[in-house]
Amino acid sequence: RFLYLNIPYSKCYFFYSQFSQAQFEKRYKNSKYRRYTLKMRPYSFYNGFAKTEIPHDNYILFFGSLSSYKGIKILVSAMALVLKEFPNEKLVIAGTSKENNLLNEEILNQIKHQITVLDRYIPSNELTNLIRKSKFVVCPYLEATHSGVLMTSYALNKPVVASSVGAFPEYIEENVTGILVPANDKLKLADKIILALKDNFYETMEENISIKNKTQSWSDNLDIILKAYSS
């Protein structure tokens, strides 16, 4: 890292969020190289697995590696509150555990019939179907930089309820493409999940994402990248 930052040859830095750029500038205050912020776009790769229309199933989805910083215990606790108002809802948690004792076992046992845990590697075709059949995706992270989960969900037109950490506020348009919630707050998380469920509000957000996806692409960054290289 010392050599990379100090060897005197022409270079610049690309960031996928203003949050990441701010973190870099805070850490490397004396860096004199140019910086560019690129706009991350939905991971359209996953559309290659979407062959036919799949109707919504009756579940909310969490997917990705299962780690404590992703707030899974908070999610399970919040879901217990959601079920008081929407007793027929279900939650699917899909991904490989990175740590032990990630789930709130006491609460999980109380609502075990409403929660499905797929603790294993999820291949891309299965993941695509899980996302497409869900109502929406939830990311109750305690901390974050950026999230591939968000961009994967957007690619399949799914709104996301996410903690207001990292770059989530830059990429989630409140009540349009998703809903933001304070981190580590099970009451607020439950309220926002309920908001997405009421009157099928998640379907309105899904339609908004579908419209936006027709006008946005990774090529939006082309001018920025060419400018950086040509200079």
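Here, residues in each chain are numbered from 1, in the same order as that chain's written sequence. Local features are withheld for residues below a pLDDT of 70 in this predicted model, meaning they are given only at 70 or higher, and side-chain atom pairs are given and counted only at 80 or more; totals for whole chains, interfaces and linings count all residues. Values reported for side chains reflect all heavy atoms of the structure, with hydrogen atoms and water molecules removed beforehand.

*Asks:* Could you give an account of helix H6 (residues 148–155), naming the residues involved and the relevant values?
*Replies:* Counting buried positions along H6 gives seven out of eight residues, so the element sits mostly inside the fold. Accessible area is worked out with a 1.4 Å probe on protein chains only. A residue is then buried under 20% of its type maximum, exposed over 50%, and partly exposed in between. The way it works is that DSSP assigns letters per residue, a run of H or I at least four long becomes a helix, a run of E at least two long becomes a strand, and they are numbered from the N terminus. Among the residues of H6, Val-149, Leu-150, Met-151, Thr-152, Ser-153, Tyr-154 and Ala-155 are the ones counted as buried. Throughout this description, a polar contact denotes any pair of N or O atoms lying within 3.5 Å of each other; where both atoms belong to protein, one of them has to be capable of donating a hydrogen while the other can accept it, and for residues adjacent in sequence the pair is counted only when both atoms sit in side chains. For H6, the N-terminal cap is Ser-147; the gap from its side-chain oxygen to the backbone nitrogen of Val-149 is 3.2 Å. In the stretch just after H6, Asn-157 is the one whose phi turns positive, near 65 degrees.

*Asks:* So what's going on with the packing of aromatic side chains? Which residues, and what values?
*Replies:* Aromatic pairs are defined between Phe, Tyr and Trp rings, using the six-membered ring for Trp, whenever the two ring centres lie within 6.5 Å; interplanar angles under 30 degrees are classed as stacked, those over 60 as edge-to-face, and all others as tilted. All told, the structure shown has 12 aromatic pairs when counted by the stated rule. Between Phe-14 and Tyr-36, the aromatic rings sit 5.8 Å apart at their centres with planes inclined by 35 degrees, giving tilted as the arrangement. Pair noted here: Phe-14 is in strand E1 (residues 12–15) and Tyr-36 is in strand E2 (residues 34–37), with a separation of 22 residues, a long-range link. Relative accessible area serves as the criterion here: at 32%, Phe-14 is assigned to the partly exposed category.

*Asks:* Please set out a nonpolar patch on the surface residue by residue, giving values where relevant.
*Replies:* On the surface, Phe-2, Leu-3, Tyr-4, Ile-7 and Tyr-9 cluster together into a nonpolar patch covering about 570 Å² of accessible area. Secondary-structure assignment places Tyr-4 in helix H1 (residues 2–6). The patch calculation keeps residues exceeding 30% relative accessible area without a salt bridge and links them within 9 Å when they carry like charges or within 5 Å when they are nonpolar (Val, Leu, Ile, Met, Phe, Trp, Tyr). The protein chains shown are the only cover counted for residues, whose accessible areas, like all others here, come from Shrake-Rupley with a 1.4 Å probe. Salt bridges are defined as contacts in which a side-chain nitrogen from Lys or Arg sits within 4 Å of a carboxyl oxygen from Asp or Glu.

*Asks:* Can you explain the packing of helix H3 (residues 72–85) against helix H8 (residues 186–197)? Please cite residues and give values.
*Replies:* Running from amino to carboxyl end, H3 crosses H8 at an angle of 50 degrees, the nearest separation of the two axes being 8 Å. What the angle tells us is that H3 and H8 run oblique. As for how H3 packs across H8, the hand of that crossing is right-handed. Between H3 and H8, the contacting residues are Ile-74, Leu-75, Ser-77, Ala-78, Leu-81, Val-82 and Glu-85 on the first element and Lys-186, Leu-187, Leu-189, Ala-190, Ile-193, Ile-194 and Leu-197 on the second. Each residue gets one label: Ala, Val, Leu, Ile, Met, Phe, Trp, Tyr, Cys and Pro are nonpolar, Asp, Glu, Lys and Arg are charged, and the others, such as Gly, are polar. Of the residues in the contact of H3 with H8, the class split is 11 nonpolar, one polar and two charged. To define axes, lines are fitted to C-alpha atoms, for helices over the stretch in contact only, and angles between the resulting N-to-C directions are given on a 0 to 180 degree scale. Note on angle classes: values under 35 degrees are labelled roughly parallel, values over 145 roughly antiparallel, values of 65 to 115 roughly perpendicular, and the remainder oblique. In this scheme the handedness of a crossing depends on how the near helix is turned from the far one: anticlockwise by less than a right angle means left-handed, clockwise means right-handed. Residue contacts follow a heavy-atom distance rule, with two residues in contact if any of their heavy atoms lie within 4.5 Å.

*Asks:* Please provide a residue-by-residue account of the nonpolar core, values included.
*Replies:* One broad trend across soluble globular proteins is that nonpolar side chains are buried collectively. The set of buried Ala, Val, Leu, Ile, Met, Phe, Trp, Tyr and Cys residues whose side-chain atoms join them within 4.5 Å is what this entry labels a nonpolar core. Among the nonpolar cores identified, the biggest contains 64 residues, and Ile-93, Phe-168, Leu-189 and Ile-193 are the most heavily contacted of them. The dominant element in this core, judged by the number of residues it contributes, is H3, at nine residues. Ile-93 has contacts with Phe-62, Leu-66, Ile-72, Val-76, Leu-103, Ile-115, Thr-116, Val-117 and Leu-118, leaving out every residue within four places of it along the chain. Core analysis: the second largest hydrophobic core is formed by six residues, Leu-5, Phe-24, Tyr-28 and Tyr-33 among them.

*Asks:* Report on the packing of H8 against helix H9 (residues 201–213), specifying residues and quantitative values.
*Replies:* Look at H8 against H9: their axes get within 5 Å of each other, and the N-to-C directions meet at 75 degrees. By the angle between their directions, the pair H8 and H9 is classed as roughly perpendicular. Side by side, H8 and H9 meet where Leu-195, Ala-196 and Leu-197 of the first sit next to Phe-201, Tyr-202 and Met-205 of the second.

*Asks:* Any details on the pairing of strand E3 (residues 60–63)? Residues and values, ideally.
*Replies:* On E3, burial covers both faces: Ile-60 and Phe-62 on one face and Leu-61 and Phe-63 on the other are all buried. Alignment of E3 against strand E4 (residues 91–94), held across four bridges, turns out to be parallel. Residue pairing for E4: Phe-63 is matched across the bridge by Ala-94. Since E3 and E4 lie parallel, the crossover through H3 that links them has a hand, and here it is right-handed. Here, any two strands with at least 2 DSSP bridges between them count as paired. Orienting the strands away from the viewer, one traces the path from the first strand over the helix to the second; a clockwise path indicates a right-handed crossover.

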